[in-house]
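The lines below spell out each chain.
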Amino acid sequence: FPSKYDLIGTRHFEVLATNTTLLLCEFSPVYEQLGIIHNHTALIFSTIDQAISLARHYTKNAHDALRIVHNAHRLVVDRHTWQHRINTILSLAKNNTSIPTTSLNT
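Since the structure is predicted, the reported quantities are computational estimates derived from the model, not experimental observations.

S.K.: Go over helix α5 (residues 82-94), please, and point to the residues and values.
M.R.: Between its first and last C-alpha atoms α5 spans 18 Å; for 13 residues at 1.5 Å apiece the expected length is 18 Å, and the two agree. Of the surrounding elements, those touching the buried residues of α5 are α4 (62-79). Backbone geometry just downstream of α5 places Asn 96 in the positive-phi region, at approximately 50 degrees.

Below you can see the structure in the form of structure tokens.
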């Protein structure tokens, strides 16, 4: 879950980067800004009943689950590696700029 400050820890991206695991997480508006989108790169629920329903559905539909897993892996490789974060920090430091929230989207 994101923290009360809408921060997402590295564990979310580590799970997505494995290219083996389907991420199931509670809704937060922060996820979409990062490319974590329901039924595309993760499964996002608002209630426990939704979480159970999603888990049951994707357990029976492995092909659909694998599509999401692969989309999530591509998202991390394209946008969320440590190299992306380093490049953002170096660019901001070079321009003497504070870190805007949207800088994490690149």
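S.K.: Pulling in residues and values, what's your account of the side chain of Arg 85?
M.R.: With respect to the element layout, Arg 85 can be found in helix α5. A polar contact is formed between the side chain of Arg 85 and the backbone oxygen of Arg 79, at a distance of 3.3 Å.

Conventions and cut-offs
Residues numbered from 1 in each chain as written. Predicted model: local features only at pLDDT ≥ 70, side-chain atom pairs only at ≥ 80, totals over all residues. Heavy atoms only, no water. Helix = DSSP H or I, 4+ residues; strand = E, 2+ residues; numbered from the N terminus. Expected span 1.5 Å × (residues − 1). Contact = heavy atoms within 4.5 Å. Polar contact = N/O pair within 3.5 Å; in protein donor to acceptor, adjacent residues only side chain to side chain.

Spatial relationships are all this shows, so hold off on functional conclusions.
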